[in-house]
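# Per-entry structural report
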Amino acid sequence: MGLVGGLLGFGVGLPIGIAVAYLVYLRFFAPRRLQDPVIRPLRDLDSETLQTAIPDIPLWVKSPDYERVDWINKFIFDMWPFLDKAIGNTIRSATRPTFDQYVGKYGIESIEFGHLTLGALPPTFQGIKVYEMQEKELVIEPVIRWASIANVIVKVKVHSFQLSAQLLDLHLILTPRVTLKPLVPSFPCFANLCVSLMEKPRIDFVFKLLGGDVMAIPGLHRFVQEQISKQIANLYHWPKLLQIPILDEASGATKKPVGILHVKVIRAMNLLKMDLLGKSDPYVKLRLSGEKLPSKKTSVKMSNLNPEWNENFRFVVKDPETQILELRMFDWEKVKMHDKLGVQVVPLRLLTPYESKLFTLDLLKSMDPNDPHNKKNRGKLVVELTFDPFRDDSNSTIVMSDGEGDVGVKRDVPPSGGLLLVSVENAEDVEGKRHTNPYAVVLFRGERKETKIIKKTRDPRWNEEFQFMADEAPVDDKIHIEVKSKRRGLGLPFRNKESLGHVDINLVDVVNNGRINEKYHLINSRNGTVHVEIKWSTV
């Protein structure tokens, strides 16, 4: 009976005990877990708790120099699934040549990625510091933390045995300085990306070889961390930097003008007859490589197979060693597309500075040397070319090249014409009566240039550069810069445009000093200013 009574007591008492314990949990413990967390100001924390929390506080809270950039983190988070695949494909293609170098050596039959993913967690920006620079460059310092769940597996097959190495849980803390320079008006608006590290990077990861955690070996984990951080710092720690070209320098977008090319289109001879009932109506289009400016054209000589033009053109040269002059001749048509009569090019490296050179060019069907149509006689084009380099700003010395890379010096060249570079940087506090969509107009000797329109702002930033060629130094000239506003869309014609102020700048100081960089108060404006840089280069 005692045994039976004990079993009955246990069977009845156990459910009752569990029920009582559950009621006690609901009464005393569950409400505490459902309560809102206690939020305490930093000033109420003791020193020990504050020191523990400091590493997790974002930099935009700890330092007023850093800006909060949650929008970048949101953008990267949304793009990360696609970036993960794109970066993985780039790593595969970049490492393939290296892997192929070892295949066939040391008994290695194949090397390939078994798995490659950077994980679902993207890097995060803890804050960004932006530096104000006077030159045409942008300097930023982001602080990047990345606690990834990366999983990279490399499989190596050696003598029919397969070995594997695995990288897991890569953690990084980087403080790079990123410099975008020079800023140019061509997309993506900067020519080079320069990166250097301001602090030694902190790196942590798990490395497995043949399934075993190598980093678990005593002392090896810290040693590997220090060696990797040291090697990266030796390569990229400031002032050392990694320079990544973004724009091709041959495009001319990153180079400054170095001289003026004078082209005289003299005549053409024995051109092809393109019309059945008459002769061709030829004209020539001229273009300098590396520039996105429209081609220049001669006049049309109606019904003439041996036309004479004797017309002059000028081009701004940025790299005489690589640029070429493209000459294309067309037969003008009133209705249909103009027929091509021929093409030819002249490399500028063939020119000697300040010396005119006459070229008699055989017109070709195309610049493809293997084109069989080039054997047909298409006539000749006669042009005269002269390259005038700009003088050195510091003195009257002129740097010259003989076209083959040898540099010489010519002194005491009398001043003549040159190039006026006008850079309209930005304006401040401009405001219209009806609308404020500002743009700038630059007038010099009857030639007009306009910047793009910036919508709905009193502080527009254009950063646009314009070129004006002059036959003589503009010591007695002024340049007129006017800030206007233009209504976009429908509206009354007389209210579409409005002047927000203007300024007239005497160029005598520009010619004498070579350059000015000033901020001018606009006339007929409430309180607006415009920042302009003007440079004069003499040939």
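Residues numbered from 1 in each chain as written. Predicted model: local features only at pLDDT ≥ 70, side-chain atom pairs only at ≥ 80, totals over all residues. Heavy atoms only, no water.

Pairing is antiparallel in the open sheet, where four strands are placed in the order β13-β12-β15-β16. The outermost strands of the open sheet, each flanked by one partner alone, are β13 (296–297) and β16 (339–347). In this sheet, strand β15 (residues 324–331) lies alongside strand β12 (residues 282–288) in antiparallel orientation, the contact comprising seven bridges. Across the sheet, the residue bridging to Y283 is F330, located in β15. (Pairing = 2+ DSSP bridges. Helix = DSSP H or I, 4+ residues; strand = E, 2+ residues; numbered from the N terminus.)

The strands making up a sheet associate through hydrogen bonds between their backbones, and the pairing can be parallel or antiparallel. Taken in spatial order, the four strands make up an open sheet running β14-β11-β18-β17, and their pairing is antiparallel. Because the sheet does not close on itself, it has two edges, and the strands there are β14 (308–317) and β17 (357–362). Averaged over neighbouring strand pairs, the angle between their axes works out to 25° when direction is ignored. In the sheet, β17 pairs with strand β18 (residues 380–389) via six bridges, with the strands oriented antiparallel. From the neighbouring strand, L361 faces β18, where its bridge partner is L381. (Axes fitted to C-alpha atoms, helices over the stretch in contact; angles between N-to-C directions.)

With that settled, the discussion passes to helix α5 (residues 70–102). Side chains three or four residues apart in an α-helix point the same way, a direct result of the helix having 3.6 residues per turn. In this model α5 runs 44 Å from its N-terminal to its C-terminal C-alpha over 33 residues, within 8% of the 48 Å that 1.5 Å per residue would give. Of all the bends found along α5, the most pronounced is centred on W80 and spans about 60°, while P81, a proline, follows it within four residues. Inspection of α5 places I72, N73, I76, W80, D84, G88 and F99 among the buried residues, and these make up the whole buried set. Tucked inside the fold, the buried residues of α5 contact β1 (108–117), β2 (124–131) and β3 (138–147). (Expected span 1.5 Å × (residues − 1). Bend = angle between axes of the 7 residues up to and from the residue. Buried < 20%, exposed > 50% of the residue type's maximum accessible area, 1.4 Å probe, protein only. Contact = heavy atoms within 4.5 Å.)

Attention now goes to the pairing of strand β28 (residues 529–538). By the criterion of burial, β28 is predominantly enclosed, with nine of the 10 residues buried. Relative to β28, strand β21 (residues 418–428) runs antiparallel, the two sharing 10 bridges. Paired with L420 across the two strands is W536, which belongs to β28. In terms of strand pairing, strand β27 (residues 515–521) meets β28 through seven bridges, oriented antiparallel.

Here we come to helix α6 (residues 220–236). For α6, which comprises 17 residues, the first-to-last C-alpha distance of 24 Å matches the rise-based estimate of 24 Å (1.5 Å per residue) to within 8%. Turning to α6, its buried residues are V224, S229 and A233. Considered in projection along α6, the buried side chains sweep an arc of 160° and stay on one side of the axis. Within α6, the exposed residues directed more than 90 degrees away from the buried face are F223 and L235. Buried residues along α6 sit in contact with β8 (202–209). (Arc of directions from axis to C-beta.)

The values reported here are purely geometric and, on their own, carry no functional implication.
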